[in-house]
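The lines below spell out each chain.
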Amino acid sequence: MAETYAGEFYCVKCKEKRQAEGDVVVSESGRRMAKAVCPVCGTKLNRILGKA
């Protein structure tokens, strides 16, 4: 089962914080990142969570 993250993301297009739920992935540098979609404009959202 994939790990999920629900919380605040910053939308660069809207320039506001949005509540969203996304999947947690590990980046190439070893950091955990949550990826989601903005519920208002549909832009991809990223949030860095810390090292895996």
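Residues numbered from 1 in each chain as written. Predicted model: local features only at pLDDT ≥ 70, side-chain atom pairs only at ≥ 80, totals over all residues. Heavy atoms only, no water.

Per an unreviewed UniProt entry, the chain goes by DUF5679 domain-containing protein and derives from Cellulomonas xylanilytica.

Participant: Help me understand the sheet that holds strand β4 (residues 44-51) in this model?
Facilitator: Working definition: the strands of a sheet are paired by backbone hydrogen bonds and lie parallel or antiparallel to each other. The strand order across the open sheet formed by four strands is β1-β2-β3-β4, and the pairing between neighbours is antiparallel. Here the strands that pair on one side only, and so sit at the sheet edges, are β1 (4-11) and β4. With strand direction ignored, the average angle separating the axes of adjacent strands in the sheet is 40°. Relative to strand β3 (residues 31-37), strand β2 (residues 16-26) is paired through four bridges, and the arrangement is antiparallel. Across the sheet, V24 pairs through a bridge with A34, a residue of β3. (Pairing = 2+ DSSP bridges. Helix = DSSP H or I, 4+ residues; strand = E, 2+ residues; numbered from the N terminus. Axes fitted to C-alpha atoms, helices over the stretch in contact; angles between N-to-C directions.)

Participant: Help me out: how do you make sense of the UniProt feature "domain: DUF5679" (unreviewed entry) in the chain in this one?
Facilitator: Cross-referencing UniProt, the feature "domain: DUF5679" (unreviewed entry) maps to residues 10-48 in the present numbering. End C-alpha to end C-alpha, residues 10-48 measures 11 Å, and it is 0% helix and 64% strand. (UniProt positions renumbered as here; feature names shortened; annotations may be inferred.)

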